[in-house]
Amino acid sequence: MITTCRDSLAAIDDYLDATLPSVQRALLDFHLLGCAHCRDYFRMYRDTIKLANALREGAPESTEELASEILLRLSRTN
Amino acid sequence: MGPVSDDKLLAALQAREPAAVRQMISTHSAAMHAVARRILGSEEEAREVVQEAFFRAFQSLANFRGASALSTWLHRIAINEALMALRSRRSRIVEAPIEVSLPRFYEDGHHMPAAPGWSEPADVLLQRGQVRAAIAACIERLPTTLRVVLVLRDVEGLDGKETAAALDISEAVVKTRLHRARQALRALLEQELLK
């Protein structure tokens, strides 16, 4: 049963993954309607996941040295 | 050598043509390095892991059946190598406590007042210069057990089952650690973004 902020936060991942049972989801939605603290926390928690997702692509960097090292190691294994 | 298909590149790689080797490394090393660095939290170890990952990949190229893209295959090798490196130093890890304030509650389970967090949406925050570096730095400050789960789930996009298998822990433990990691990262980002 979700009635408090602590309950809401414990269910946040299932809520965002849309795996929370419908009754629990409705209770959580009802709690969020009346709780600015939790609305704010949920917003930032969702943002946190988006910001981590944004790191998926690494910045290109020079690979010449690495390529030379690999080629050297490969030549030794022939 | 210009861009070629995976099939042609694979044939050239199996023949160990230097141009193909260079192309493969040039194309894939940045993403492999990024994931290794995030798992290990160390630039130096990440470089070693990427080199080892490429070397292992070349040794097992004959086993690559093309069931996944070359990039996916290489990425998983890099993740596995980074996790192996992590396990080899696990006995040396002294986990620091999370030095951030997690949500606090009254006895009745309701939130205690907290400082207001950031107000801009994630898409807007990402337009700020250096914000990606700040996010990466915050992730590196997470304790290792939490950081690795967050990197695999939220940065690399593995699902709970894949993460559990990669780390040899249960899906329930993945879920618990991910929740704690996200809470800690939110708090660290709050400190960083409101500076």
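Before reading further, recall that the structure is shown in the block above.
The following refers to the structure shown. Remember, predicted model here, so these are calculated numbers, not experimental data.

Moving on to the pattern of salt bridges. With the rule as written, the count across this model stands at twelve salt bridges over all chains. One salt bridge connects aspartate 40 of chain A with arginine 43 of chain A, and the closest N-O pair in it is separated by 2.7 Å. Within this pair, aspartate 40 of chain A and its partner arginine 43 of chain A are both found in helix H4 (residues 36-53), separated by three residues, close to a single helical turn. According to the relative accessible area criterion, aspartate 40 of chain A is partly exposed, its value standing at 29%. Residue glutamate 190 of chain B pairs with arginine 186 of chain B through a salt bridge whose shortest N-O separation is 3.2 Å. In this pair, glutamate 190 of chain B and arginine 186 of chain B are both assigned in helix H9 (residues 171-193), four residues apart and thus about one turn of the helix distant. We note that glutamate 190 of chain B, like arginine 186 of chain B, is buried. Put simply, Arg37, Glu43, Arg47 and Glu140 of chain B are held in one network by salt bridges that share partners.

Bringing helix H7 (residues 144-155) of chain B into the picture now. For H7 of chain B, a buried count of eleven out of twelve residues is recorded, marking the element as mostly surrounded by other parts of the structure. Residues Thr144, Leu146, Arg147, Val148, Val149, Leu150, Val151, Leu152, Arg153, Asp154 and Val155 of chain B constitute the buried set of H7 of chain B. If you follow the buried residues of H7 of chain B, they end up packed against H4 of chain A together with helix H2 (18-40), helix H4 (70-88), helix H6 (131-140), helix H8 (160-167) and H9 of chain B. Among the residues trailing H7 of chain B, glycine 157 of chain B stands out with phi positive, at a value near 80°.

Helix-helix packing is described using two parameters, namely the angle between the two axes and the distance between the axes. H7 of chain B packs onto H4 of chain A with a crossing angle of 80° between their chain directions and a minimal axis gap of 8 Å. Judged by the angle between their axes, H4 of chain A and H7 of chain B are roughly perpendicular. Where H4 of chain A approaches H7 of chain B, its residues Ile49, Ala52 and Asn53 of chain A are matched on the opposing element by Leu150, Asp154 and Val155 of chain B. The residue inventory of the contact of H4 of chain A with H7 of chain B, partitioned by class, reads four nonpolar, one polar and one charged.

All right, on to unusual backbone geometry then. Phi is positive for alanine 18 of chain A, which is not a glycine, with a value near 60°. Inspection of the secondary structure assignment puts alanine 18 of chain A in the loop between helix H2 (12-16) and helix H3 (22-34). Note on alanine 18 of chain A: relative accessible area 59%, which makes it exposed. Even without a glycine there, the phi angle at aspartate 168 of chain B is positive, about 60°. Looking at the element boundaries, aspartate 168 of chain B is found in the loop between H8 and H9.

Calculation notes
- Residues numbered from 1 in each chain as written.
- Chains lettered and ligands numbered in written order.
- Predicted model: local features only at pLDDT ≥ 70, side-chain atom pairs only at ≥ 80, totals over all residues.
- Heavy atoms only, no water.
- Salt bridge = Lys/Arg side-chain N within 4 Å of Asp/Glu carboxyl O.
- Helix = DSSP H or I, 4+ residues; strand = E, 2+ residues; numbered from the N terminus.
- Buried < 20%, exposed > 50% of the residue type's maximum accessible area, 1.4 Å probe, protein only.
- Contact = heavy atoms within 4.5 Å.
- Axes fitted to C-alpha atoms, helices over the stretch in contact; angles between N-to-C directions.
- Parallel < 35°, antiparallel > 145°, perpendicular 65-115°, else oblique.
- Nonpolar A, V, L, I, M, F, W, Y, C, P; charged D, E, K, R; others polar.

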